[in-house]
Amino acid sequence: GSTTNGVSATYQGKVASQRLFLQSTPTYNGAYAITPEFVVDDISEYKVRFKAGVGSHNYSTPHNCGTYSHDRSLLVGIVTDPYDLSTLVILDTLTDLSVDLRTYEVYFDTYKHDLNNQKGKHVIFQSFGAVQNKVYVDDVEMLRIGECPRFLFSVDTATYSSITLNINSIPATYEVKYATKA
């Protein structure tokens, strides 16, 4: 595989050496990859699920290492025209990515259209940071959003033994299950 403008040109799912690699550097900020067109009636009825991480070449926290700072972030959005980035609509910015690949989901239900009132069907992944950013992406899936309502929550208060959440969705009672990760 070859690398041009920070984008790895080889890919084979579930093989560590064949993940999509995006790198932004001090001289090239904004490496991106755009998927082929998804053949769907309305992309806002879908979400994209994928794995992303910074790999072992980065550090476990954002830091400054001489002239390079590692941002560990990934922008995810939709473009109408893959040859015209002015049609890009960013839907999520993932920050503080882990060294290990973790699964992420970005919902497109808030996407209406681009500046020209067109609806895109291409997903874009973009490495973008202040100075240096290296991101791996793997196992990309486009899935229809299910019937279960998606809810957003924020932490109201947290202590060693309890947590209070604010849930902004349809008023309902939820059972929350949690586990500690070893």
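What comes next is a walk through the structure. (Residues numbered from 1 in each chain as written. Predicted model: local features only at pLDDT ≥ 70, side-chain atom pairs only at ≥ 80, totals over all residues. Heavy atoms only, no water.)

Moving on, we get to the pattern of salt bridges. Under the criterion given, the structure shown has seven salt bridges. The salt bridge involving Glu 105 is made with Lys 47; its shortest N-O contact spans 3.4 Å. Remark: Lys 47 occurs in strand S5 (residues 46-53) and Glu 105 occurs in strand S10 (residues 102-107); sequence separation between them is 58 residues. Note that Asp 139 is salt-bridged to Lys 51, the shortest N-O span being 3.8 Å. Placement of the pair is Asp 139 in strand S12 (residues 133-144) and Lys 51 in strand S5, with a sequence separation of 88 residues. In this structure, a network of salt bridges that share partners links the residues Lys 47, Arg 49, Glu 105 and Glu 141. (Salt bridge = Lys/Arg side-chain N within 4 Å of Asp/Glu carboxyl O. Helix = DSSP H or I, 4+ residues; strand = E, 2+ residues; numbered from the N terminus.)

Right, let's get into the nonpolar core. Formed by 24 residues in total, the largest nonpolar core has its most connected members in Val 48, Phe 50, Leu 74, Val 76, Phe 108 and Phe 125. Here this core gets four residues from one element, more than from any other, and that element is S5. Beyond its immediate sequence surroundings of up to four residues, Leu 74 is in contact with Leu 22, Phe 50, Ala 52, Asp 92, Thr 93, Leu 94, Leu 97, Phe 125, Gln 126, Ser 127, Val 135 and Val 137. (Core = buried A, V, L, I, M, F, W, Y, C linked by side-chain atoms within 4.5 Å. Buried < 20%, exposed > 50% of the residue type's maximum accessible area, 1.4 Å probe, protein only. Contact = heavy atoms within 4.5 Å.)

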